[in-house]
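# Architecture and fold: a report
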Amino acid sequence: MSVTLAPPLPDTLPEAARAELARAVAQLEDVSLAARFSSALGTPIEALKNRLPASAQSLMEGAVKRALSKAMQAALRAQPSANPTPFSTAWFHRGMAAATGAAGGAFGLPGTLMELPVSTTLLLRQIAAVAEANGEDLADPLIGAECLKVFAIGGRDTRDDGAEAGYFAVRIALAEVLKGAATRGVVGGLLPGFVGAIAARFGGPVALKLSAQAVPVVGAAAGAAVNLAFLEHFRGVAEGHFTVRRLERLHGAVAVKAAYQELAQQRDARFMG
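Residues numbered from 1 in each chain as written. Predicted model: local features only at pLDDT ≥ 70, side-chain atom pairs only at ≥ 80, totals over all residues. Heavy atoms only, no water.

### Digging into the overall build of the protein chain
- In terms of helices and strands, the protein chain carries 12 helices and 0 strands.
- Listed by position from the N terminus, the elements making up the protein chain come as α-α-α-α-α-α-α-α-α-α-α-α.
- Scored against the burial criterion, the 273 residues of the protein chain give a buried share of 48%.
- Taking as baseline every contact in the protein chain between residues at least 6 positions apart, the subset at least 24 positions apart corresponds to 79%.
- For the protein chain, the exposed area adds up to about 13,100 Å²; of that, 61% sits on carbon and sulfur atoms. (Helix = DSSP H or I, 4+ residues; strand = E, 2+ residues; numbered from the N terminus. Buried < 20%, exposed > 50% of the residue type's maximum accessible area, 1.4 Å probe, protein only. Contact = heavy atoms within 4.5 Å. Areas by Shrake-Rupley, 256 points an atom, 1.4 Å probe, with all protein chains shown as cover.)

### Brief notes about helix 1 (residues 15-29)
- Spanning 15 residues, helix 1 covers 21 Å between terminal C-alpha atoms, matching the ideal 21 Å at 1.5 Å per step.
- Where helix 1 is concerned, the buried positions are Ala17, Arg18, Leu21, Ala24, Val25, Gln27, Leu28 and Glu29. (Expected span 1.5 Å × (residues − 1).)

### Concerning the nonpolar core
- Formed by 58 residues in total, the largest nonpolar core has its most connected members in Leu21, Leu68, Ile127, Phe151, Val244 and Tyr260.
- The set of elements that each furnish at least two residues to this core consists of helix 1, helix 4 (54-75), helix 6 (108-133), helix 7 (141-155), helix 9 (167-178), helix 10 (192-212), helix 11 (218-251) and helix 12 (253-272).
- Excluding its chain neighbours within four sequence positions, the residues that come into contact with isoleucine 127 are Cys147, Val150, Phe151, Phe234, Ala238 and Phe242. (Core = buried A, V, L, I, M, F, W, Y, C linked by side-chain atoms within 4.5 Å.)

### Here's the deal with the pattern of salt bridges
- Overall, the coordinates contain 8 salt bridges when judged by the stated rule.
- Here glutamate 136 ties to arginine 249 by a salt bridge, and the two come within 3.0 Å at their closest N and O atoms. Residue glutamate 136 is found in the loop between helix 6 and helix 7, and its partner arginine 249 is found in helix 11; the two are separated by 113 residues along the sequence.
- Each of the salt bridges in this network shares a partner with another, and the network as a whole consists of Glu136, Glu146, Lys149, Arg245 and Arg249. (Salt bridge = Lys/Arg side-chain N within 4 Å of Asp/Glu carboxyl O.)

### A short note on the packing of aromatic side chains
- In this structure the tally under the stated criterion is 8 aromatic pairs.
- When the ring of phenylalanine 202 is compared with that of phenylalanine 230, the centres are 6.2 Å apart and the planes differ by 65°; the resulting orientation is edge-to-face. Here phenylalanine 202, found in helix 10, pairs with phenylalanine 230, found in helix 11; they are 28 residues apart in sequence, far enough to count as distant.
- Residue class for phenylalanine 202 comes out buried when judged on its relative accessible area of 1%.
- Residue phenylalanine 230 is classed as buried on the basis of its relative accessible area, which comes to 3%.
- With a centroid separation of 5.6 Å and an interplanar angle of 55°, the aromatic rings of phenylalanine 230 and phenylalanine 234 are classed as tilted. With phenylalanine 230 and phenylalanine 234 both in helix 11 and 4 residues apart, this pair spans about one turn of that helix. Across the pair, exposure class does not vary: phenylalanine 230 and phenylalanine 234 are buried alike.
- In this structure an aromatic cluster arises from ring pairing among Phe151, Phe202, Phe230 and Phe234. (Phe/Tyr/Trp six-rings, centres within 6.5 Å; stacked < 30°, edge-to-face > 60°.)

### Looking at the environment of leucine 68
- Note on placement: leucine 68 falls in helix 4.
- Taking C-alpha positions, leucine 68 is 9.2 Å from leucine 116, a pair spaced 48 residues apart along the chain.
- Residues within four places of leucine 68 in sequence aside, it is in contact with Thr120, Leu148, Phe151, Val195, Ile198, Ala199 and Phe202.

### Brief notes about the side chain of asparagine 134
- As for its position among the elements, asparagine 134 is in the loop between helix 6 and helix 7.
- Polar contacts involving the side chain of asparagine 134 include one to the side chain of arginine 246, which spans 2.8 Å.
- Apart from residues lying up to four places away in sequence, asparagine 134 is in contact with Phe242, Thr243, Arg246 and Arg249. (Polar contact = N/O pair within 3.5 Å; in protein donor to acceptor, adjacent residues only side chain to side chain.)

And the structure:
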């Protein structure tokens, strides 16, 4: 009679890897873009939402998809970590983000819609630089897809049910959408449905951005603050996402996922306790 042995339990992660993963859990599960917006602007989120004209809703979905597509085309053409200034890369990105946000916000909603592809490209270049620093091959078109995923992971609503909003749940859902995509090019090889799935989650943060910058002149200051909030938020999400992927390559996806879920449960218990 044959005996079927149970698969071995995943090895425990080394302490250093577990510490890195704990930081990634905090970056991926604790962050709140809404809180960053409220802090940066000194305005409650509900008040921001009321600023957005109803007519803008119909324009926003198409604008977000176009912004993501243009960003994907432009962001990886040059070295994402390239920095033509004597300042650090982080400060270079911050300066560019603030300048573009201020320029777009100065002209209210029309200016913000024009500025959106530029600021999205800056965000994606920063995300790609984080990916590269974590050992990702930016020449692989599917790594471009991983960079785009950061917008969906960072755009999820923390008020959603945890089973739907968790980091791995979002990754699995996006992987299903991406199945069947060709790899002939970063943009051309991605299914339109994949970009649409990213846009659906990124649309929430963009709606807040449009709301904050909808009033001309006043929107200039708001635009700079909002873009800086975007930059900090999505950089943290990118660092968490690509840290998890690097640890998966080093220690195996099963072990990393088991440790991640354990750390996330401990985090939840602390919040509820």
